[in-house]
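# A closer look at the structure
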Amino acid sequence: MPDLIERVLETALTDALLFGQILIRRSDQGFVLLHRDDERREDLHVSRSAESAIDIARYDDTGNYRPLKTAPNLRHGWQLELTTLDELKRALDYFYPGRLAVFAAWKTDQLRTTPLRETLDRQSGMYRVAAKISDKQLDDVIGNFCRSDGGCLRTILWKRDQRGTIASTRLPPQKFDPAYDQAAPATTAIPATATIPLLCQEACNLLVAECRKVVKMEGAAPSAPE
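What counts, and where the lines are drawn
- Residues numbered from 1 in each chain as written.
- Predicted model: local features only at pLDDT ≥ 70, side-chain atom pairs only at ≥ 80, totals over all residues.
- Heavy atoms only, no water.
- Pairing = 2+ DSSP bridges.
- Helix = DSSP H or I, 4+ residues; strand = E, 2+ residues; numbered from the N terminus.
- Phe/Tyr/Trp six-rings, centres within 6.5 Å; stacked < 30°, edge-to-face > 60°.
- Buried < 20%, exposed > 50% of the residue type's maximum accessible area, 1.4 Å probe, protein only.
- Contact = heavy atoms within 4.5 Å.

## What to know about the sheet that holds strand β5 (residues 78–82)
Strand order in the open sheet formed by 6 strands is β4-β5-β3-β2-β1-β7, with mixed pairing between adjacent strands. Lying at the two open borders of the sheet, with one neighbouring strand each, are β4 (45–47) and β7 (195–196). Alignment of strand β3 (residues 30–35) against β5, held across 4 bridges, turns out to be antiparallel. Residue pairing for β5: Leu 33 is matched across the bridge by Leu 80.

## Re the packing of aromatic side chains
A complete count under the given rule lists 4 aromatic pairs for this structure. For the ring pair Tyr 59 and Tyr 65, a centre distance of 6.4 Å and an interplane angle of 70° mean the geometry is edge-to-face. The partly exposed category is assigned to Tyr 59, whose relative accessible area is 37%. Aromatic side chains Phe 103 and Trp 106 sit 5.9 Å apart centroid to centroid with 40° between the ring planes, which places their arrangement in the tilted category.

## Some words on unusual backbone geometry
Phi is positive for Asp 109, close to 60°, though the residue is something other than glycine. Of note, Asp 109 is situated in the loop between α4 (99–107) and α5 (116–121). By relative accessible area, which is 75% here, Asp 109 ends up exposed.

## Here's the deal with the environment of Leu 153
Along the chain, the position of Leu 153 falls in the loop between α6 (135–145) and β6 (155–156). C-alpha of Leu 153 to C-alpha of Gly 20: the two residues are 133 residues apart in sequence and 6.8 Å apart in space. Setting aside its immediate chain neighbours within four residues, Leu 153 contacts Gln 21, Thr 70, Ala 71, Pro 72, Ser 148, Lys 175, Gln 182, Ala 183 and Leu 198.

Below is the structure:
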């Protein structure tokens, strides 16, 4: 898989490439990475280590911790200058853990998606109760938690259940389209063909936790008077 990821990256990267909120450009020395909104800034803090991406991705612009790395709140003001494809791959995996591997599997028709109900049914311990969430609650939770504007930049590939029910009717069709740039609109004029999507093959732990919270809140709500 590592060699496959490098081949996929090499194929996708021509002059410039968008990966979530990151703009990647080729340079004489290798690759330059920056926040896609910072393309025209000249006051960026320059780093030359792939591992710098760990700290960059940790907090948002206001210093708050980012538990969901694919949330649309990657901080601004930085620039990474890397020399090799391996360094580029490592940095991108620090920014968006696992997304390159998922993309490579999808490109080679090896990606398996998991319905949300299956993910919830296999939970144990304190998260077991999440499986009791209703379809109506799921529609609302997913529509809010997974939206690209303020929620998550991943493109949803999984279904709500084994019947193939759409994840949420509250999300636009583009949320399920890998060809659509979930971080758009952007200030950069990079064509959509130069974009690697952040694909979501299975509901994340944070969404499962959100489902549990909704069920627990419903159970704690006082009964309506008769």
